[in-house]
Amino acid sequence: MRTLDKYIVTLVTKSIFLVLLILVLLVSTLDLIDEIKKYDFSLALAYVLLSIPQNTYEVLPFACLIGSFSSIAKLLIANEVTAIKAAGISTSKIFKILFISSLFFSSFSLFNGGFLAPNGLQFGNEIKIINQKSRVSLKDNSGTWVKNVNEFINIKNILPNKTLKEVYIYKFNTNQQLEEILTVNEAKYANESWILKDITSTNFMEKEILTNKIDSAVISKFIDLDLFDFIVIQPNEMSLFQLNQYIEYLNNNNLDPYEFRLSYWEKFSQSALCFIMIILSMTLLKVNPRSMNVNYIVLQGVILGVIIFLFSQSINKLSLIFQFNPFISAFSPIIIIVSGIYFYFKRKKLLIN
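Here, residues in each chain are numbered from 1, in the same order as that chain's written sequence. At least 70 in pLDDT is required for a residue's local features to be given in this predicted model, at least 80 for side-chain atom pairs to be given and counted, and no such filter applies to totals for whole chains, interfaces and linings, which use all residues. The side-chain figures draw on all heavy atoms in the structure; neither hydrogens nor water molecules are used.

Engineer: Any chance you could break down the packing of aromatic side chains for me, citing the residues and the numbers?
Structural biologist: By convention, a stacked pair of Phe, Tyr or Trp rings (six-membered ring in the case of Trp) has centres within 6.5 Å and planes under 30 degrees apart, an edge-to-face pair has planes over 60 apart, and any other such pair is tilted. Following the criterion strictly, the structure yields 14 aromatic pairs and no others. Considering the side-chain rings of Y264 and W265, the 5.2 Å spacing of their centres and the 85 degrees angle between planes classify their relative orientation as edge-to-face. Measuring from centroid to centroid gives 5.5 Å for Y264 and F268, while their planes differ by 55 degrees, and the two rings are tilted. Linking Y264 with F268, this pair stays in helix α8 (residues 258–281), spanning 4 residues, or about one helical turn. Secondary structure counts use DSSP, requiring at least four H or I residues in a row for a helix and at least two E residues in a row for a strand, with both numbered from the N terminus.

Below, the structure written as structure tokens:
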């Protein structure tokens, strides 16, 4: 029995990794072509290589579906499933063997999406910042530094909704002498203007240092909006640990953490989706290769996987608009899909006993 377990698990695992390799190479090549238009080849290549874990995370459910379907189809076409059943091994036993592969790829998806991929994206973002080194510096413990003409701006915290927290603006004159320091508690972009709140101005150009406080001010130019693509960490660029910390930070500051909570639960739902994709392929074990076209069934499975992906993405977009419960929003596509597949296969008598 152990030999059979190892054979089936190895077959399914190899098929999934082969499909995964092809899909990742395809996506990465397209990314490289797109990035070369923006950066030098070396920077573009480095960015794409760092994005491989994220690309792997995104295409893994497809790889699980196609790889598992093709491996089971291979067993059917070679009449190996028939031979296994003739040896007295039930379909449910094969189901249990494949269950091991499902758990492995589900765990791999969670580890990759929760830790490896976010770190890769963050390092990739640093690569993009290097290309913008004349305008913005690498982020460090002191925050993010941005150069704006004769000003150097230090930003401690950056929120994705174009809100900056704890901003220090150092203004220099043409002789590179420090002229003024502005301390801004919050800067937010709205209605094509920047709204600065709780401003403290310290002027050094007079005979004595002058300090002035202003409740708020509205300015048209501050930080180029295109820099947000480089200096803002998006939810998908955060690990599970970082998301958890950031959600707590937003809650403590009375800010909306919805998008980050949704991203947090999506990492778990993506892992569950990989599990379901492999489970779905197990229905092929009920197919009679003599009476049904196995390749046609595999094609149907691939199409079903695409539909599942598009449906899941649609639910996620709607969730951001209507602000559904993040946990329900992340897992509702899977619940609906599983329910639909269950009743369909029950009607078609494809369920495994």
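Engineer: Any details on the state of the cysteines? Residues and values, ideally.
Structural biologist: Our working definition of a disulfide is a cysteine sulfur pair at a distance within 2.5 Å. Tallied over the entire structure, the rule returns 0 disulfides. Counting only cysteine sulfurs, C274 is the nearest neighbor of C64, a cysteine outside any disulfide, at a range of 4.3 Å. Accessibility here uses a 1.4 Å probe with only protein chains present; expressed as a share of the type maximum, an area under 20% marks a residue as buried, one over 50% as exposed, and anything in between as partly exposed. Using a relative accessible area of 0% as the deciding quantity, one classes C64 as buried.

Engineer: Tell me about the packing of helix α1 (residues 2–36) against helix α2 (residues 41–50), and name the residues and values.
Structural biologist: Two elements in contact, α1 and α2, have axes separated by 9 Å at closest approach and are oriented at 145 degrees. The way α1 lies across α2 gives a crossing that is right-handed. Where α1 approaches α2, its residues S28, D31, L32, E35 and I36 are matched on the opposing element by F41, A44, L45, Y47 and V48. Across the contact of α1 with α2, the residue classes break down as 7 nonpolar, 1 polar and 2 charged. Interaxial angles span 0 to 180 degrees and are taken between N-to-C directions of axes, which are lines fitted to C-alpha atoms, for helices over the stretch in contact. Left-handed describes a crossing whose near helix is turned anticlockwise from the far helix through less than a right angle; right-handed describes the clockwise counterpart. The criterion used for residue contact is that any of the two residues' heavy atoms lie within 4.5 Å. For this scheme, ten residues count as nonpolar: Ala, Val, Leu, Ile, Met, Phe, Trp, Tyr, Cys and Pro. Four count as charged, namely Asp, Glu, Lys and Arg, and the remainder, Gly too, count as polar.

Take it as geometry only, folks, not as evidence of what the structure does.
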